[in-house]
Amino acid sequence: MPKRPEELRSHRWFGAEGMRAANHRSRMLQLGLGHEEFQGRPVIGIVNTWSDLMHCHAHFRERAQDVKRGVWAAGGVPVEIPAMALPEVFQKPSTMLYRNFLAMETEEIARSLPLDGLVLMGGCDKTGPALIMGAISMGLPAIYVPAGPMLSGHWRGRKLGSGSDVWKYHAELRAGTITQQAWKEMESGLSRSAGTCMTAGTASTMALAAEAMGLTLPGAASIPAVDSAHPRMAAAAGRRIVAMVWEDLTLGRLLDQRSLDNAVAATMAFGGSTNAIPHLIAIARRAGIAMDLDRFDAISRRVPLIANLRPNGSTHLMEDFFYAGGSRGFLATLAPHLALMRAR
Ligand code: FES
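Position labels on residues start from 1 in each chain and follow its written sequence. Restriction of local features to residues with pLDDT of at least 70 applies here, the model being predicted, together with a cutoff of 80 or more for giving and counting side-chain atom pairs; totals for whole chains, interfaces and linings are based on all residues. Note: side-chain values were computed over all heavy atoms of the structure, leaving out hydrogens and water.

1. A look at the nonpolar core
Generally speaking, nonpolar side chains in soluble globular proteins are found buried as a group. Our working rule: The criterion is simple. A nonpolar core is a set of buried Ala, Val, Leu, Ile, Met, Phe, Trp, Tyr and Cys residues joined through side-chain atoms within 4.5 Å. Only protein chains enter the area calculation, which uses a 1.4 Å probe; residues under 20% of their type maximum are buried, those over 50% are exposed, and those in between are partly exposed. Only runs of H or I of at least four residues qualify as helices and only runs of E of at least two qualify as strands under DSSP, and these elements are numbered from the N terminus. Every residue pair with non-hydrogen atoms within 4.5 Å of one another is taken to be in contact.
Formed by 93 residues in total, the largest nonpolar core has its most connected members in L118, V119, L120, F270, L280 and F330. With nine residues, helix α10 (residues 229-247) is the single largest residue contributor to this core. Sequence-distant contacts of F270, that is, excluding residues within four places in its chain, are made with A200, S204, T205, L208, L305, A307, L309, M318, F321 and F330. Counting nine residues, the second largest nonpolar core, distinct from the first, contains W155, L173, A182 and M186.

This is how it looks when you write it as structure tokens:
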């Protein structure tokens, strides 16, 4: 049975009688929304980890507009709420220190405001796990919109991968096998667009793990940030979250031992980042699900390695992965090793 409008969480703010509810409604009117635009409709918080220093989420202000378009189209009320951005390359001493702060911020944003559902906009390494952890603790319906990988790097006819090629060519520079001029040119070809690192690093691994757990739309994890499929995915996520609110499809109904095992299986078959281990254990424990190193070990022994991406594999990058079928094709190939199920 779908929820009734008076069962919405936001109804407590906007639908009740009395002075306080009138005050809440008057402030929505102050924001320029008419009664008919917000009353009895799911209010969707778009938690946006954008900042001027967030290199991997440079497209997120624009992308939030795409999510809003989807939410409006499905009869919801989108409200964009900024949250700390955690730019992996700039933030010192380590973004790991701030992952749990963002998890707490996400949870408290959701708890303290008149929201019925969440769209989680993250991608750069710690942001995805943090947003998911916060949403689990809050227990509202939520959908993850991953930032998507940036385009492949290019320099003098060679493909460049985030991270690993900086190490490689810096070593070449120190060895005297490339010039300062070549080093500078390489720097310009490395990070060519908005989006997360385009190797099989933490961002792509965790996006894929989130998709394997059912926390994104199918295929969302590998769409390049600047491909036109990305804004279409963002708008579709906006439409979907409104339906999820009416269905009361919380993360608690999506996550169980099988979905966490699917995330581990996807990580192993992807040859993904070892950073998935602390993040998936943290996500599992937020959800009250058992997960430890022995479980990673056991799953790794039964799951084949399917992907062939840098830094573990050959020269392929996330853009190649997308053209080869992307996360959807990958998970379909992995299906015999996954628990296929419906939400509880
Ligand atoms: Fe953001 Fe690598 S620096 S994903």
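Following the structure, the description resumes.
2. Observations regarding unusual backbone geometry
At the junction of K92 and P93, the peptide bond is cis and its omega measures out at 0 degrees in the coordinates. Note that P93 resides in the loop between β2 (77-82) and α5 (96-112). Cis geometry marks the peptide bond from R310 to P311; its omega dihedral reads 5 degrees. For R156, which is not glycine, the phi torsion reads 50 degrees and is therefore positive. Here the phi dihedral of D248 falls at roughly 55 degrees; this positive angle occurs in a residue that is not glycine.

3. Here's the deal with the packing of helix α12 (residues 257-270) against helix α13 (residues 276-286)
Operational definition: Convention adopted: a line fitted to C-alpha atoms gives each axis, helices being fitted over their contacting stretch, and angles between N-to-C directions are expressed from 0 to 180 degrees. When describing relative orientation, an angle under 35 degrees is termed roughly parallel and one over 145 degrees roughly antiparallel, while 65 to 115 degrees is termed roughly perpendicular and anything else oblique. In this classification, the charged set is Asp, Glu, Lys and Arg, the nonpolar set is Ala, Val, Leu, Ile, Met, Phe, Trp, Tyr, Cys and Pro, and all remaining amino acids, among them Gly, are polar.
Close contact between α12 and α13 brings their axes to 11 Å; oriented N to C, the two are set at 170 degrees. With respect to α13, the axis of α12 lies roughly antiparallel. Residues L260, A263, V264 and T267 of α12 touch α13, and the partners they reach there are A276, L280 and A284. Looking at the contact of α12 with α13, its residues break down into six nonpolar, one polar and no charged.

4. Some points on helix α16 (residues 326-334)
Threshold: In this description, one arc is meant: the one made by directions from the helix axis to the C-beta atoms.
Every buried residue belonging to α16 is among G326, S327, F330, L331 and L334, and all of these are buried. Down the axis of α16, the buried side of the element spans an arc of 145 degrees, and every buried residue falls inside it. Counted as exposed and oriented over 90 degrees from the buried face of α16: R328 and A332. Elements in contact with the buried residues of α16: α9 (202-212), α12 and α15 (318-323).

5. A short note on the pattern of salt bridges
Basically, it comes down to this: Only one rule defines a salt bridge in this text: a Lys or Arg side-chain nitrogen within 4 Å of an Asp or Glu carboxyl oxygen.
Within this structure, the stated rule accounts for 19 salt bridges. For the salt bridge of R69 with D66, the shortest nitrogen-to-oxygen distance reads 3.1 Å. One end of the pair is R69 and the other is D66, both in helix α4 (residues 60-73) and three residues apart, which spans about a single turn. You can call R69 partly exposed: its relative accessible area is 46%. Here D66 falls in the buried class, since its relative accessible area comes to 12%. Linking E80 and K68 is a salt bridge whose minimum nitrogen-to-oxygen distance equals 3.1 Å. Of the two residues, E80 is situated in strand β2 and K68 in helix α4; the sequence distance between them amounts to 12 residues. Judged by relative accessible area, K68 falls into the buried class, the value being 18%. One connected set of salt bridges, linked through shared partners, spans E62, R63, D66 and R69.

6. Overview of the pairing of strand β4 (residues 142-146)
Our working definition: Two strands are counted as paired when DSSP detects at least two bridges linking them. Classification remark: right-handed applies to a crossover when, strands pointing away from the viewer, the course from the first strand over the helix to the second runs clockwise.
Burial of β4 is extensive: five of the five residues sit out of reach of the surface. A two-sided burial pattern is seen for β4, the buried positions comprising A142, Y144 and P146 on one face and I143 and V145 on the other. In the sheet, strand β3 (residues 117-122) pairs with β4 via five bridges, with the strands oriented parallel. Residue pairing for β4: V119 is matched across the bridge by I143. Each parallel crossover has a hand, and the one from β3 via helix α6 (residues 127-138) to β4 is right-handed.

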